[in-house]
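# Survey of secondary and tertiary structure
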Amino acid sequence: MELAYYSDLAVRLVNSEEPARGTDALTSVDAVRTLFGESQQAARRATDSDVTRLRSVRARLRAVFEAAAGGDEVLAVDLLNALLIEFPVSPQISGHEYRDEDDRPKWHMHIADYAANASAGYAATASMGLAFHLTELGVDRLGICEAPPCRNAYLDTSTNRSRRYCSDRCATRANVAAYRARKRLDTERSETAPRRPGSNPPDRADRADRADRADPTRRTADSTHDSIPATDR
């Protein structure tokens, strides 16, 4: 299993809650088991107590992402180190689950935990995976979505460190909002701009023409109305 999988566990847990929207998907044992994904053996250990435990870990992992997104690298590292100390793991070489074309094991690093419960095991692997990601790619690769009200966490794997949103959907929504804001600002500036000496304010015809360009259906409706004989109106 690749180490990138473990860092995804951290993102998955953090994003099970959307504070700005007041939603929380981590409300049952089934929700806990869903978080584990492919680790079905670990998921079967989950109990009702793991819901509360994982919510606590979630808040601490979110604080790591918030600190990183805010540019406080030292705080992000300190918070993550605290999790690593509290939830230790034992790296091991594994290959029993993966075989190559010659039926030989594909050796890889596997993070083994010997936690007393499912939530502690999840916290251990998620924290270690996030630590590998942070040290390999940089603290600034941990981000928080910049498209309000979304505050989802994400891991930036772009080549130029340019990611700002957790998904394409949020990126599109943010771009549309920015475009509309620019259009409103341009309109406000044109309406409040001082007129040149000798220029006349727009007459009624000019205003109507502008309205027609802004809403083509308006002109069609007016033309249709004018074509109806007065006796038929």
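Just so you know, the residues in each chain are numbered from 1, in the order the chain's sequence is written. Residues qualify for local features only when their pLDDT is at least 70, as the model is predicted, and side-chain atom pairs are given and counted only at 80 or more; totals for whole chains, interfaces and linings, by contrast, use all residues. Just so you know, side-chain values use all the structure's heavy atoms and leave hydrogens and water out.

### Description of the overall build of the chain
Secondary structure follows DSSP: runs of H or I at least 4 residues long count as helices, runs of E at least 2 residues long count as strands, and numbering of each begins at the N terminus. Looking only at helices and strands, one finds nine helices and six strands in the chain. Each of the 233 residues in the chain was classed as buried or not, and the buried ones make up 33%. Total accessible area on the chain is roughly 15,000 Å²; 51% of this is exposed by carbon and sulfur atoms. For the exposure calls, accessible area comes from a 1.4 Å probe over protein chains only, and a residue counts as buried if that area is under 20% of its type's maximum, exposed if over 50%, partly exposed in between. The accessible surface values rely on the Shrake-Rupley method and a 1.4 Å probe; as for residues, cover is taken only from the protein chains in view.

### Looking at the environment of Ala-68
Of note, Ala-68 is situated in helix α4 (residues 49-69). Note on definitions: a residue-residue contact is assigned when non-hydrogen atoms from the two residues lie within 4.5 Å. In this structure, Ala-68 is in contact with Ala-76, Val-139 and Leu-142, ignoring residues within four places of it in sequence.

### Structural notes on the nonpolar core
The set of buried Ala, Val, Leu, Ile, Met, Phe, Trp, Tyr and Cys residues whose side-chain atoms join them within 4.5 Å is what this entry labels a nonpolar core. Among the nonpolar cores identified, the biggest contains 44 residues, and Leu-13, Leu-61, Phe-65, Tyr-122, Leu-130 and Leu-142 are the most heavily contacted of them. Going through the elements one at a time, α1 (3-14), α2 (29-36), α4, α5 (73-86), α6 (118-137), β5 (142-144) and β6 (153-155) are the ones with two or more residues in this core. Leaving out residues up to four positions away in the same chain, Tyr-122 has contacts with Leu-9, Arg-12, Leu-13, Leu-35, Phe-36 and Leu-54. In terms of nonpolar packing, the next biggest core, distinct from the first, is built from nine residues, Cys-150, Tyr-154, Cys-166 and Cys-170 among them.

### Observations concerning the state of the cysteines
The definition used for a disulfide is geometric: two cysteine sulfur atoms within 2.5 Å. For the structure shown, the criterion picks out zero disulfides. Cys-150 takes part in no disulfide bond, and the closest cysteine sulfur to it belongs to Cys-166, at a distance of 3.7 Å. Here Cys-150 falls in the buried class, since its relative accessible area comes to 2%.

### Observations regarding the environment of Leu-9
Secondary-structure assignment places Leu-9 in helix α1. Sequence-distant contacts of Leu-9, defined by excluding residues within four places in its chain, comprise Leu-35, Tyr-122, Thr-125 and Ala-126.

### Overview of the environment of Thr-172
Inspection of the secondary structure assignment puts Thr-172 in helix α7 (residues 168-192). Using a relative accessible area of 48% as the deciding quantity, one classes Thr-172 as partly exposed. With 25 residues separating them along the chain, Thr-172 and Ala-147 place their C-alpha atoms 9.3 Å apart.

### A short note on the pattern of salt bridges
Each salt bridge in this description consists of a side-chain nitrogen of Lys or Arg and a carboxyl oxygen of Asp or Glu lying within 4 Å of one another. The full count for this structure, using the stated rule, is twelve salt bridges. Taking the shortest distance from any N to any O, the salt bridge between Glu-18 and Arg-21 comes out at 2.4 Å. You can call Glu-18 partly exposed: its relative accessible area is 24%. A residue is classified by how much of its surface remains accessible, and Arg-21, at 40% relative accessible area, is partly exposed. In this structure, Asp-24 and Arg-58 form a salt bridge, with 2.8 Å as the shortest nitrogen-oxygen distance. Note that Asp-24 is positioned in strand β2 (residues 23-24) and Arg-58 in helix α4, a separation of 34 residues in sequence. Classification of Arg-58 as buried rests on a relative accessible area of 4%. Put simply, Glu-17, Asp-24, Arg-55 and Arg-58 are held in one network by salt bridges that share partners.

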